[in-house]
Amino acid sequence: MNERGMTSQIKFFWKYFKRNRLAVGGLTIILIIFIVAGTAPFLAPYDPGKTDVSLKLKPPSLKHYLGTDQLGRDVFSRMLYGARISLSVGFVAVGISIFIGILVGAIAGYYGRWVDSLLMRLVDIMFCFPTFFLILTVVALLGPSIFNIMVIIGLTSWMGTARFVRAEFLSLKERDFVQAARALGLNDRRIIFRHILPNALAPVFVTATLDVATAILVEAGLSFLGFGVQPPAPSWGNILTEGRTYIFDAWWLTVFPGLAILLTVLSFNLVGEGLRDSLDPRLRGRR
Amino acid sequence: MARFLFRRLLQLLFTLIGISILSWIIITQAPGSPIALTMDPKVSPKIIEQMEKNYDLDKPIYQQYFLWLKKLFTGKLYSFKDGRPVLEKIAERIWNTLLLNLVATLIIFSLAIPLGVFSARRPYSFLDNLGTFGAYLGLSIPGFWLAYLVILATVKLFGYPVLGLRSFVIEGLSTPEIVLDRIWHLLLPASIMAIHGIAGLSRYTRSSMLEVVRQDYIRTAKSKGLSEEVVYYKHALRNALLPIITLFGFLIPGLIGGSIIMESVFAWPGIGRLAYQAVLARDYPVVMTILTISAVLTLIGNFIADLLYGVADPRIRYQ
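Residues numbered from 1 in each chain as written. Chains lettered and ligands numbered in written order. Predicted model: local features only at pLDDT ≥ 70, side-chain atom pairs only at ≥ 80, totals over all residues. Heavy atoms only, no water.

When you go through chain A residue by residue, the secondary structure sums to 13 helices and 0 strands. Counting from the amino terminus, chain A carries its helices and strands in the arrangement α-α-α-α-α-α-α-α-α-α-α-α-α. In terms of principal-axis extent, the alpha carbons of chain A reach across some 75 × 45 × 30 Å. Within chain A, the proportion of its 287 residues that are buried is 52%. Put simply, 71% of the contacts in chain A that link residues at least 6 apart link residues at least 24 apart. Accessible surface, chain A: about 13,300 Å² in total, of which carbon and sulfur atoms supply 65%. Looking at charge distribution, chain A has the averaged site of its 29 positive side-chain charges lying 6 Å from that of its 18 negative ones. (Helix = DSSP H or I, 4+ residues; strand = E, 2+ residues; numbered from the N terminus. Buried < 20%, exposed > 50% of the residue type's maximum accessible area, 1.4 Å probe, protein only. Contact = heavy atoms within 4.5 Å. Areas by Shrake-Rupley, 256 points an atom, 1.4 Å probe, with all protein chains shown as cover. Lys, Arg positive; Asp, Glu negative; His and termini not counted. Charge placed at Lys NZ, Arg CZ, Asp CG, Glu CD.)

Have a look at this one:
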């Protein structure tokens, strides 16, 4: 696909995407959260790790927008830094799962036969495990560092992508342009990654966006059980979890991080659905 | 049908073996696994002895796997924590979890399908859009957070306890009051567990309905003069609900994952809480047995769903 073809595709996609107001709203919120996470050191009024016991559990005020926690740390500053951690967990985990998913799906779909059967049974097997419990178990075995959490979420959530990519490959590999590439004597690697894959990416974008949402929720759930990103590093999940001890005295410690998670996850879900609608030609023009 | 059944059974067997191998690899071969503990001088000889008994560490590696498998299914695996058979500990609590999940599933199906059908009748209307937004909200809300807000609200507003199977103080209550108390303690966690499912399934029903009403046979039914209602609720709905059978199998892993968090929040004495306590206590035989059993249950659920689908939709059998 040449450069001009690419830009006109993007224009075409945007024409449909922008009709979905919920998705556009979600995209706006994601962009804002990204900017906030990127500029956290400039925006944060206080050092997120600075404790001051004389200021502990103060309700939201003009000085501390979202109040302070049990150690007198500024919740607003911690949430800004938490955005970095929660977003990186989401994106790195999904990066890993997309990579594995594309590889497995492409190989299974392209080569077919026993390779396909073997890989798809592996997908079936992985799908049988209750993902959250599997992640919790392995994180507990290896220790809950942010690195382990990202890798384990990635390693346990690639199956959906693999199935989509495989399905695309099964139909695409019969098409004329693939036959032409074969006739030209291109090797399999080039056909798979340069010729077929770019045409199979649409469903990958959709699942990737939705999976970021899931990964952020999983990290929050792990934090809640004490196996998430470990304090003092702030993630939205562990701010919320530390706050629940004080739920009756300091509602702001529970409410704000929860709202941040909800808003972020919601935005990713809305954008993912918007992508699905505008990338799937069959759904276009229904609105 | 016989060929279809045979092929599915073969797949089932293959997947079953895969599940057991994967479970075994995670528990014995992963870095930081309990086997590594036997090298640690700080670990008491008693635990090491138990570990050797559990995993047959003196045998060759392939034998270790088969012996583990045999022990798993004959109930010869023992908890590290109290030395009791793992299956016995699970059996004690499984009914609580099944009850909770059954109620959650009933709530999901009885709310989600009417909601989805309602939305599909008036696509892109204000109410449908509201439903869409509500569904995304339901999919995005962290369950434990919502649970905390609900607990905070009920305790502050009604001053009524919500944790556990029942209230602690039940002396002086009449039988109907005790029954109501149990139902209250069951309904709250079940409803919160059901929210994700309601959101997902109602969207699924909606898009499935929208897909079906564009089919030719719906046009035929309309053009031969049947009323809108009959066409919609009889011809369309039946076909739209067909693929939902396959979702049954996938409900199990989601519910077990959800049970871990919800049972911990609500102090519900079920498998999920047992699993979490076992993870905390590094009680690996319990953890792995629950993991393996839930994978096998999921597999069986999928298998039954497949068969039902084959029975309900003859097209599937000949693929």
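Text resumes after the structure shown.
Between chain B and chain A, the residue contacts involve 54 residues of the former and 44 residues of the latter. Buried area between chain B and chain A, both sides added, is near 4,500 Å², and the carbon and sulfur share of it is 80%. Per-residue buried area on chain B facing chain A is highest for B:Tyr136, B:Phe144 and B:Trp145; these three make up 14% of the total on that side. Joining chain B to chain A, the criterion identifies 0 salt bridges. Taken together, the links from chain B to chain A amount to 6 residue pairs in polar contact (both at pLDDT 80 or more). Among the secondary structure elements, those contributing two or more residues to the side of chain B that touches chain A are helix 1 (2–29), helix 6 (126–140), helix 7 (143–158), helix 8 (175–212), helix 11 (244–265), helix 12 (271–280) and helix 13 (284–312) of chain B. Per element, the largest residue contribution to the side of chain B that touches chain A is 9 residues, and it comes from helix 13 of chain B. Of the residues belonging to the side of chain B that touches chain A, the class tally is 38 nonpolar, 12 polar and 4 charged. (Buried area = accessible area lost by both parts, 1.4 Å probe. Salt bridge = Lys/Arg side-chain N within 4 Å of Asp/Glu carboxyl O. Polar contact = N/O pair within 3.5 Å; in protein donor to acceptor, adjacent residues only side chain to side chain. Nonpolar A, V, L, I, M, F, W, Y, C, P; charged D, E, K, R; others polar.)

Once that is clear, we can look at the packing of helix 9 (residues 176–183) of chain A against helix 10 (residues 188–196) of chain A. Residue and element names in this part refer to chain A. In the contact formed by helix 9 and helix 10, the axes pass within 11 Å of each other and the chain directions differ by 140 degrees. Along this stretch, helix 9 crosses helix 10, giving a crossing that reads as right-handed. Contacts between helix 9 and helix 10 pair Phe177, Val178, Ala181 and Arg182 from the former with Ile191, His195 and Ile196 from the latter. Partitioned by chemical class, the residues of the contact of helix 9 with helix 10 number 5 nonpolar, 1 polar and 1 charged. (Axes fitted to C-alpha atoms, helices over the stretch in contact; angles between N-to-C directions. Left-handed = near helix turned anticlockwise from the far one by under 90°.)

For the rest of this paragraph, the subject is the pattern of salt bridges. Counted under the stated rule, the structure contains 13 salt bridges over all chains. For B:Arg121, the salt bridge identified is with B:Glu228, shortest N-O distance 3.3 Å. Residue B:Arg121 is located in helix 5 (residues 86–121), and its partner B:Glu228 is located in helix 10 (residues 228–241); the two are separated by 107 residues in the primary sequence. Via salt bridges that share partners, A:Arg121, A:Asp124 and A:Arg163 belong to a single interconnected network.

So, about the confidence of the model for chain B. This prediction gives chain B a mean pLDDT of 79; 83% of its residues lie at or above 70. The ipTM value of the predicted complex is 0.82, and its pTM value is 0.86. (pLDDT = per-residue confidence, 0-100.)

This part is about the nonpolar core. Grouped together as the largest cluster of nonpolar side chains are 146 residues, with contacts concentrated most on A:Phe133, A:Leu136, A:Phe169, A:Leu222, A:Leu225, A:Phe227 and B:Val265. If one sorts the elements of this core by residue count, helix 11 (residues 202–224) of chain A sits on top with 13 residues. In terms of nonpolar packing, the next biggest core, distinct from the first, is built from 10 residues, A:Leu119, A:Val123, A:Met126 and A:Ala162 among them. (Core = buried A, V, L, I, M, F, W, Y, C linked by side-chain atoms within 4.5 Å.)

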